[in-house]
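Understanding the architecture of this molecule
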Amino acid sequence: MEQVKNYFHLHLISDSTGETLMAAGRAAAAQFQGAQALEHVYPLIRTRKQLFAVLDAIDGAPGIVLYTIVDSELAAIIELKCRDMGLPSVSVLEPVINVFQSYLGAPSRRRVGAQHAMGEDYFKRIDALNFTLDHDDGQLPADFDEADLVIIGISRTSKTPTSIYLANRGIKTANIPIVHGVPLPEGLITAKKPLVVGLIASVDRIAQVRQNRVLGSTAGYQGEHYTDRSLISEELKYARSLCERHNWPAIDVTRRSIEETAAAILALRPKWR
C-alpha cells in the first residue's frame, strides 16, 4: 500500500542562481520519508523591492525558508519578516562562512555569485561541455586521446547524461555505445590519456528503461529485439568481457542516480592517475 505523502512548502531565496539552495533543500528533505517539498525558488533577489514581493508570496504559502543572501540588510529583513510570520528561516551559507572566517582569520568578500565568476574554471567547463557534446554517442572517434574520460556501455545505461554532468565539472568526457559483436573504435583502444569506464546494469533495469522508450517511440518502431531480456543479457556479457579484456573498470548503475554514478567515476580518477 502506497504511503500517503505530507506536502510542505519550501521557499528558497537566493541572490544568485539558487543551485546551492536547491541542493541543500533536497538533501535535507530526502531524509524525511513521507514528506514531499513543494519548492518555490526565487533566484537573483538583490533589492528590497524584489525581496518584499517574495515575502508576500511566502506569506500566502507558509513553510520553511532557506536563503543565501550576501547583503546583510536583506538577510536581516528575511529573518525579521519570517519571525513575524512565525516561520523558520535558515541562512544556509552563513554558518559555513563564519567557520571559514574564523579559521582563515580574514573576512569574506561578501560578493554575490562569487562561485559563478567567469574565470579559468568557468571556461574550462565550457570547453569540456563543447567537447562532450561533440563526442556524444561515439562521434569523432579520431581524437579520443584528447578526452579526460571515455564512458562505454550498452544502450540505456545513462552514458550521455552522466557525460554531460561530468563535463559540467570541467571533465572532457566522450561516450561510446557498445553494440554486441561490433568492435570498439581503434582510436579508443590505442588512446593513452583518458580513463575508460564501462557502465552496466541489471537485465531487468535495462529492459524496463528500454520498454519505456519503445512506448514513447513513433508508430511502427520495432522494439522486440531491443527489449528482449535474453538479448540484453548477451549484450551485458559482451560489455563485461570488453572491460575485462582491456582492464577497464565497470560500474553497476542499476540503483545509482546520475550524480552517484559520476561520484563513483570521480573516485576512480586518483587511482587512474
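Residues numbered from 1 in each chain as written. Predicted model: local features only at pLDDT ≥ 70, side-chain atom pairs only at ≥ 80, totals over all residues. Heavy atoms only, no water.

Let's shift gears to the overall build of the protein. Along the protein, the regular secondary structure elements total eleven helices and eight strands. Against the 2.2 N^0.38 benchmark of 19 Å for 273 residues, the protein shows a C-alpha radius of gyration of 24 Å, more extended than a compact globule. Each principal axis of the C-alpha atoms in the protein carries an extent, and together these give about 65 × 50 × 35 Å. When burial is assessed residue by residue, the protein has 36% of its 273 residues classed as buried. Counted over contacts in the protein with a minimum sequence separation of 6, partners at least 24 positions apart contribute 75%. Of the roughly 16,200 Å² that the protein leaves accessible, carbon and sulfur atoms contribute 54%. Considering the protein, the positive charge centre built from 30 side chains and the negative charge centre built from 31 side chains are found 3 Å apart. (Helix = DSSP H or I, 4+ residues; strand = E, 2+ residues; numbered from the N terminus. Rg over C-alpha atoms; globule rule 2.2 N^0.38 Å. Buried < 20%, exposed > 50% of the residue type's maximum accessible area, 1.4 Å probe, protein only. Contact = heavy atoms within 4.5 Å. Areas by Shrake-Rupley, 256 points an atom, 1.4 Å probe, with all protein chains shown as cover. Lys, Arg positive; Asp, Glu negative; His and termini not counted. Charge placed at Lys NZ, Arg CZ, Asp CG, Glu CD.)

The next thing to look at is the packing of helix H2 (residues 48-60) against helix H3 (residues 72-85). Relative to each other, H2 and H3 sit at 20°, their axes nearing to 11 Å. By the criterion of interaxial angle, the relationship of H2 to H3 is roughly parallel. Pair H2 / H3 crosses with right-handed handedness. Contacts between H2 and H3 pair Arg48, Leu51, Phe52, Leu55, Ile58 and Asp59 from the former with Glu73, Leu74, Ile77, Ile78, Lys81 and Met85 from the latter. Considered class by class, the residues forming the contact of H2 with H3 number eight nonpolar, no polar and four charged. (Axes fitted to C-alpha atoms, helices over the stretch in contact; angles between N-to-C directions. Parallel < 35°, antiparallel > 145°, perpendicular 65-115°, else oblique. Left-handed = near helix turned anticlockwise from the far one by under 90°. Nonpolar A, V, L, I, M, F, W, Y, C, P; charged D, E, K, R; others polar.)

Put simply, an interface is often sized by how much accessible area is lost when its parts join up. Each domain of the protein was delimited in the assignment, giving domain 1 (6-104) and domain 2 (120-268). Computed from C-alpha coordinates alone, the two centres of domain 1 and domain 2 are separated by 37 Å. (Domains from an automatic or database assignment.)

Ile152 and Leu188 are the most contacted members of the largest nonpolar core, which totals 36 residues. Looking at this core, the elements that each hand over two or more residues are strand E5 (149-153), strand E6 (173-177), strand E7 (195-200), helix H8 (203-215), helix H10 (229-246) and helix H11 (258-272). It is H10 that contributes the most residues to this core, six residues altogether. When near neighbours in sequence (up to four residues on either side) are disregarded, Ile152 contacts Lys159, Ile176, Ile178, Leu184, Leu188, Val196, Val197, Gly198, Leu199, Cys243 and Trp248. Ranked by size, the runner-up nonpolar core spans 16 residues in total, among them Val54, Ile58, Leu74 and Ile77. (Core = buried A, V, L, I, M, F, W, Y, C linked by side-chain atoms within 4.5 Å.)

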